[in-house]
Amino acid sequence: MNTRASTLRAVPQAEARFDRAVVVLVILAGVVSALHVGKAPIAMNGVARDFGLGPADLGGMLSVFAVVGLLGSMAAGLLAMRCGDRRVLVAGLCILGLASLAGGAAPAYGWLLASRVVEGLGFVLVMVAAPAALNRLTPPARRSVVFGFWSTFMGIGIALSMLLGPMLGGWRMLWRLDAALALLMALWLAWRLPAPPVAADARPDAWQGARAVLRCWPPLRLALAFAAYNLQFFALMAFLPAFLGQRAGLSEGQAGLASAFVVVANILGNVAAGALLQRGVPAGRLMAAACTLTGALGLAVFLPAMPAPAVIPLCTLFSALAGVLPAVLLASAPGAAPAPELAPMSLGLLMQGNYLGQVLAPALAGLLLSAVGWPAVGVQIAVGALLGVVLAGAPGTRSR
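Residues numbered from 1 in each chain as written. Predicted model: local features only at pLDDT ≥ 70, side-chain atom pairs only at ≥ 80, totals over all residues. Heavy atoms only, no water.

1. Considering the overall build of the protein
If you tally the helices and strands in the protein, you get 16 helices and zero strands. Against the globule reference of 21 Å for 400 residues, the protein gives a C-alpha radius of gyration of 20 Å, in line with a compact fold. The principal-axis extent of the C-alpha atoms belonging to the protein is close to 65 × 50 × 35 Å. Counting every atom, the protein has about 16,100 Å² of accessible surface; 71% of that belongs to carbon and sulfur. If the 25 positive side-chain charges of the protein are averaged to one point and the 11 negative ones to another, these points end up 8 Å apart. (Helix = DSSP H or I, 4+ residues; strand = E, 2+ residues; numbered from the N terminus. Rg over C-alpha atoms; globule rule 2.2 N^0.38 Å. Areas by Shrake-Rupley, 256 points an atom, 1.4 Å probe, with all protein chains shown as cover. Lys, Arg positive; Asp, Glu negative; His and termini not counted. Charge placed at Lys NZ, Arg CZ, Asp CG, Glu CD.)

Dropping the structure here:
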């Protein structure tokens, strides 16, 4: 199939005037969406008290976004191709807001969990449509930097939830505030974000596009590389407060604050990667270097002989270097698509790999921790890093 002769003929906007305000607005939409991810861990104690549950009963509230994303990311890409990124992005924010309002009024935990599933659907739509919109709105010469800043949205959103959530007087207020922000952002984007211009006779064959992307090795390898990144990152982050409590002797509050600091360090790598790509550093070389360093640091952090004062600095450095990887992968995914109009589908496949790693990493790390202890978690990070190095030289590991 010649995908470049696809029936979807979007008029390119990359040559149009670069509207920084709209690009910033799309990135802020990602931050607002990430608040809905970060609110769950910070609300666990309050939810457990309100519904008479133990911490072990709340695993679904934490993992549901990753499961929904694993099942629905390609479908979200297909929807973005068929309906346009603007409509899908606004719809995703509306779903997030309305589901969060419903969750904030939940009379029982089952109601809350069901609302989290719906929130997860909205979040996946935003995660695919927002970068597709950025790719459409940004000239190729600026795309690496823009995607570097886009990749900071998760760290900023989760850190804001961790820092501000306890100040709001209860988890229900946090749910309502996040709902209001999502709905306001949806209205703002509906007003400011231009729709993708498509020729009047264009009828996108989204199913044909999905098959083309799934048969194309470069976007598939990028998706596997994202899974390898999360195999490393979430092996550390899933148990970081508990690990810092044991190894660094921190209280629960201190461990939470230190963990937020470590997450924020990831943002430095996101922005640095965009700048390095902009300067012409090859994406594959950047990925290989970052994976080599994160693999070594992951092993070092969990060594029993590692002095306690070194643990937090090493975790922070690991997080900063790991932040290079999502920025490179997000910038590379649109250019790895078999045709420019298939960029939303390529981004959907990339997010599928992202969520695959998010689902596998904590479960595997938990099994290794129970069976062997903390050093085995370091081995998982090293294996994920090695896989990333192998995939780093893949065709499509570049921005276009």
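So that's the structure; there's more coming.
2. Describing the pattern of salt bridges
Enumeration according to the criterion identifies five salt bridges in this entry. Here Arg-192 and Asp-19 are joined by a salt bridge, their closest N and O atoms 3.7 Å apart. Of this pair, Arg-192 sits in helix α7 (residues 171–192) while Asp-19 sits in the segment before α1 (20–51), and the two are 173 residues apart along the sequence. Residue class for Arg-192 comes out partly exposed when judged on its relative accessible area of 29%. Connected through salt bridges with shared partners, the residues Lys-39, Arg-116 and Glu-119 form a single ionic network. (Salt bridge = Lys/Arg side-chain N within 4 Å of Asp/Glu carboxyl O. Buried < 20%, exposed > 50% of the residue type's maximum accessible area, 1.4 Å probe, protein only.)

3. Side note on the side chain of Ser-346
Positionally, Ser-346 belongs in helix α15 (residues 343–371). On the basis of relative accessible area, Ser-346 is assigned to the buried category, the value being 1%.

4. Points about the environment of Arg-285
Tracing the backbone shows Arg-285 in helix α12 (residues 283–301). In the structure, Arg-285 is positioned 126 residues away from Ala-159 in sequence and 29 Å away in space, judged by C-alpha atoms.

5. Brief notes about helix α16 (residues 374–392)
With 19 residues, α16 should cover 27 Å at 1.5 Å per step; its first-to-last C-alpha distance of 28 Å lies within 8% of that length. By the burial criterion, the buried members of α16 are Trp-374, Ala-376, Val-377, Gly-378, Gln-380, Ile-381, Ala-382, Gly-384, Ala-385, Gly-388, Leu-391 and Ala-392. On the buried face of α16, the contacting elements are α9 (217–237), α10 (240–247), α12, α13 (308–322) and α15. (Expected span 1.5 Å × (residues − 1). Contact = heavy atoms within 4.5 Å.)

6. Some remarks on a nonpolar patch on the surface
A cluster of nonpolar side chains, contributed by Ile-156, Leu-160, Leu-163, Leu-164, Met-167 and Leu-257, occupies part of the molecular surface with about 550 Å² of accessible area. When residues of the nonpolar patch are assigned to their parent elements, the largest contribution, four residues, is made by helix α6 (residues 153–164). Structurally, the position occupied by Met-167 is in the loop between α6 and α7. (Patch = residues over 30% accessible without salt bridge, like charges linked within 9 Å, V, L, I, M, F, W, Y side chains within 5 Å.)

7. Some remarks on the packing of aromatic side chains
Scanning all chains against the criterion turns up eleven aromatic pairs. Relative to Trp-175, the ring of Trp-171 lies with its centre 5.2 Å away and its plane at 85°, an arrangement referred to as edge-to-face. Of this pair, Trp-171 and Trp-175 both sit in helix α7, four residues apart, roughly one helical turn. For the pair formed by Trp-171 and Trp-175, the shared burial category is buried. Feature note: the residues Phe-51, Tyr-109, Trp-171 and Trp-175 constitute an aromatic cluster, connected by ring pairs. Above the face of the Trp-175 ring, Lys-39 is positioned so that its terminal group lies 4.3 Å from the ring centre. (Phe/Tyr/Trp six-rings, centres within 6.5 Å; stacked < 30°, edge-to-face > 60°. Lys NZ or Arg CZ within 6 Å of the ring centre and 35° of its normal.)

8. Topic: α6
When the terminal C-alpha atoms of α6 are compared, their 16 Å separation across twelve residues agrees well with the 16 Å that a helix rising 1.5 Å per residue should span. Listing the buried residues of α6 in full gives Phe-153, Gly-155, Gly-157, Ile-158, Ala-159 and Ser-161.

9. Describing the environment of Leu-257
Checked against the element boundaries, Leu-257 lands in helix α11 (residues 252–278). Spatially, the C-alpha atom of Leu-257 lies 17 Å from that of Val-37, the residues being 220 residues apart in sequence.

10. What to know about the packing of helix α2 (residues 59–83) against helix α3 (residues 85–104)
Packing of α2 against α3 brings their axes to within 7 Å, and their N-to-C directions diverge by 125°. With respect to their mutual orientation, α2 and α3 come out oblique. Contacts from Leu-79, Ala-80 and Cys-83 of α2 reach α3 at Asp-85, Arg-87 and Val-88. Looking at the contact of α2 with α3 residue by residue, the class counts come to four nonpolar, no polar and two charged. (Axes fitted to C-alpha atoms, helices over the stretch in contact; angles between N-to-C directions. Parallel < 35°, antiparallel > 145°, perpendicular 65-115°, else oblique. Nonpolar A, V, L, I, M, F, W, Y, C, P; charged D, E, K, R; others polar.)

11. A look at the environment of Phe-149
Tracing the backbone through its elements, the reader meets Phe-149 in helix α5 (residues 143–150). Taking the C-alpha atoms as reference points, Phe-149 and Gly-274, 125 residues apart in sequence, are found 7.3 Å from one another.

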